[in-house]
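Analysis of the macromolecular model
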Amino acid sequence: MLLQYANMESDYLLNEDGNEDRSSIQKDNVQKENKSKNTSSSGHTETQVYKKRWYIVMMFSMLAFLQGTVWNTWGPISNSAQAVYHWSDFEIGMFINYADIAFVLTAFPATWLIQNKGLRYGVVTSAAFLTLCSGIRCLPLPDDVFIWAVNAASVLNGVSSCVVNVAPPAISAIWFPMEERTTATAIGSIFAYLGIASSFLIGSVVVGEHKYLPELINSSLINATSSLDIFSTSGTENNYTDLFNIGEQRKKIKTLMYLEFGLCALLLLAVLIHFPSRPPKPPTVSAAVQRSNFLPGILQLFR
């Protein structure tokens, strides 16, 4: 009661005649109200959900899709690659292993890049590595040099895959409201696997493989012909006349390389033109919260 009475007394100002000074009371109330509004606005974060969020997740999904496709280029056409370039199963299998090793070595730097430089830097860097990876394989190199170019391209693809694997949760947290974050993360994550699956279809359509090709690879005939010959040696145990043209198959493989490079270059151009790191206003209050620093967080994991 005493506190209530004191508050009531503070709301009244008396003039020299002992009457209430209404103008002073009103002025004081307006000042209190403005102060309250300023405090409220400074402590409140304005949020807004933008339609552009679907463009962001679509562009990132295309990056993940192409990375998965390029990563699994050689597996679906391994027989043709063995016939054209005289590679072994071990050499073709190492293309994927080099990419996986590069991913393990660069996963933490990619996480640091996204957290400290923003999504745009991470996605543009990933698209640039992927374009460089697919472009190296288009160079007109001798076969003994081309295999080293493919190995280098596999390493670049592994570096590109770091952002593809770590960015989906960041995109959903920065661009999407709470009720859509699971969907956004799932979309960004699944497209890499769709790209791997599509590589089997793309490889079979663009390059194709003949049903007798495994027999040709295992025979001495494959090593006795030049890169421009057709398997048509007469007098052999099995006659493969006009069954397989090495020169034609080489052109088909190069066509696949050009196709993947063109798609990667178009995607790089698109993200360079427009791929913002974050919206002007966060979709939720939690999206505006300052995250913990990267290095202290890593060190805390090992404590």
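Presented here is an overview of the structure given in this document. These numbers come from a predicted model, not from an experiment.

1. Re the pattern of salt bridges
Applying the stated criterion across every chain yields a total of four salt bridges. Close ionic contact of Lys 281 with Glu 46 constitutes a salt bridge, the shortest N to O distance being 3.1 Å. One end of the pair, Lys 281, is in the loop between α11 (246-273) and α12 (294-301); the other, Glu 46, is in the loop between α2 (22-42) and α3 (52-71), and 235 residues separate them in sequence. With a shortest N-O distance of 2.8 Å, Arg 53 and Glu 180 are connected by a salt bridge. Of this pair, Arg 53 sits in helix α3 while Glu 180 sits in the loop between α7 (143-175) and α8 (181-206), and the two are 127 residues apart along the sequence. When sorted by exposure, Arg 53 lands in the same class as Glu 180, which is buried.

2. Some details on the nonpolar core
Among soluble globular proteins, nonpolar side chains are generally buried collectively. Formed by 35 residues in total, the largest nonpolar core has its most connected members in Leu 63, Leu 119, Ala 167, Ile 171, Trp 175, Val 271 and Phe 275. At the level of secondary structure, the elements contributing two or more residues to this core comprise α3, α5 (89-117), α6 (119-136), α7, α8 and α11. No other element matches the 10 residues that α7 contributes to this core. Among all residues touching Leu 119, those that are not within four sequence positions of it are Ile 114, Ala 167, Ala 170, Ile 171, Ile 174, Trp 175, Phe 275 and Ser 277.

3. Comments concerning the environment of Phe 261
Mapped onto the elements of the fold, Phe 261 is located in helix α11. Sequence-wise, Phe 261 and Arg 137 are 124 residues apart; in three dimensions their C-alpha atoms are separated by 8.5 Å. Not counting residues within four places of it along the chain, the set of residues in contact with Phe 261 comprises Thr 131, Ser 134, Gly 135 and Cys 138.

Reading guide: rules and limits
Along each chain, residue indices are assigned from 1 in the same order as the chain's sequence is written. A pLDDT threshold of at least 70 governs which residues receive local features in this predicted model, and a stricter bar of 80 or more applies before side-chain atom pairs are shown or counted, although totals over entire chains, interfaces and linings include all residues. Working from all heavy atoms in the structure, the side-chain values ignore hydrogens and water. Salt bridge criterion: a side-chain nitrogen from Lys or Arg within 4 Å of a carboxyl oxygen from Asp or Glu. A run of H or I in DSSP counts as a helix once it spans at least four residues, and a run of E counts as a strand once it spans at least two, with each numbered from the N terminus. For every residue, the accessible area obtained with a 1.4 Å probe (protein chains only) is divided by the maximum for its type, and the residue is called buried under 20%, exposed over 50%, and partly exposed between those limits. The nonpolar core is taken to be a set of buried Ala, Val, Leu, Ile, Met, Phe, Trp, Tyr and Cys residues, with the residues joined through side-chain atoms within 4.5 Å. Two residues qualify as a contact provided that any one of their heavy atoms is within 4.5 Å of a heavy atom in the partner residue.

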